[in-house]
Amino acid sequence: MSAAHEPFDELVAGHVLDALEGEDARRFAAHRAGGCAECGRAIGEYHEALARAAAAFREAPPARVRHALLQRVGEAPARRSRAGLALGWVASVALAAGIAAVVSASWVRARYEARLDQLASEAAGLRAALAEQVHAVSDLRRQLDEQEKTLTLVRAQAAAQERTLALLGDPETRLVSLAGLEPRPQAQGRIIWNARAGGLLVAADLPPPPAGKVYELWAIAGGKPLPAGLFTVDAEGKGSLAVAPLAGVATVDVFAVTLEPAEGVQSPTGAMYLASKQA
């Protein structure tokens, strides 16, 4: 069924029932005059359906049923005549109803079945396309998240490098080495320190702290240890810490690292792993 032929598919049933009028009748007649084979087949199918319906309703009712009906309407000639008219009217109405039902069902089926199949196919295609788009958007979001994390890390590294370069360029900055003590003699550390700008600690070969523990840096000035920050290390024992300036402290005598509770403490309580020489 082509799109151009659809209007005439809708007129075939009306033509078979002799229900076309005006412009519809003229259009269909002109179309049929062109010898449309598709309309010819459709008209033949409708005629066959009507013939089957008419044959079904032409069968005489059983004698018992007919006798009972005549008994109810009366045996007088006038009454029998009325009964015959009534039976004829009932048969006509039933035949018309049966024909209408057959034609309507055939017309709706022929007119919409192919279109409904097409719509179902299109809907399935759209659902598949939508699923692909959702998957693609999800993948793009994941890639974007990864790129944002990478960008954040790169920016942080760049900022740390700029800060380190600035510290190294300041003549007041000094480089302090920290040596490993008894819990971990092979551990080592370096701190770039500037009393005015703060500093950066880098540690290596420290054991990963146990659960609930963390490493804490201390700045000992005038014999008093001041907490300077918390850090941990990776599986290889490497860690770092950006150290803020210590208010009111112009000179640090010793830097040291101890193992403390995860929340940190105000005075050293754990084993000391790293310490610098007296300044």
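Residues numbered from 1 in each chain as written. Predicted model: local features only at pLDDT ≥ 70, side-chain atom pairs only at ≥ 80, totals over all residues. Heavy atoms only, no water.

### Here's the deal with the packing of aromatic side chains
Heads up, the rule is: Pairing of aromatic rings covers Phe, Tyr and the six-membered ring of Trp, with a centre-to-centre limit of 6.5 Å; geometry is then stacked below 30 degrees between planes, edge-to-face above 60, and tilted otherwise. Per the convention used, a helix needs a DSSP run of H or I reaching at least four residues, while a strand needs a run of E reaching at least two, with both numbered from the N terminus. Only protein chains enter the calculation, and the probe is 1.4 Å; a residue is then buried if its accessible area is under 20% of its type maximum, exposed if over 50%, and partly exposed in between.
Applying the stated criterion across every chain yields a total of 3 aromatic pairs. Judged by centre distance (5.7 Å) and plane angle (25°), the ring pair of Y215 and F231 falls under stacked. Taken together, the positions of Y215 in strand β4 (residues 213-221) and F231 in strand β5 (residues 224-231) put the pair 16 residues apart, joining distant regions of the chain. A relative accessible area of 0% means that Y215 is categorised as buried. Measuring from ring centre to ring centre gives 5.5 Å for Y215 and Y273, while their planes differ by 80°; the resulting arrangement is edge-to-face.

### A short note on the pattern of salt bridges
Basically, it comes down to this: Salt bridge, as used here, is a side-chain nitrogen of Lys or Arg placed within 4 Å of a carboxyl oxygen of Asp or Glu.
Applying the stated criterion across every chain, the model contains 5 salt bridges. Residue E146 is joined to R142 by a salt bridge in which the shortest nitrogen-to-oxygen separation is 3.1 Å. One end of the pair, E146, and the other, R142, are both in helix α5 (residues 77-169), 4 residues apart, so they sit about a helical turn from each other. Judged by its relative accessible area of 41%, R142 falls in the partly exposed class. Between E236 and K238 there is a salt bridge, with the nearest N and O atoms lying 3.8 Å from each other. The network of salt bridges with common partners includes D139, R142 and E146.

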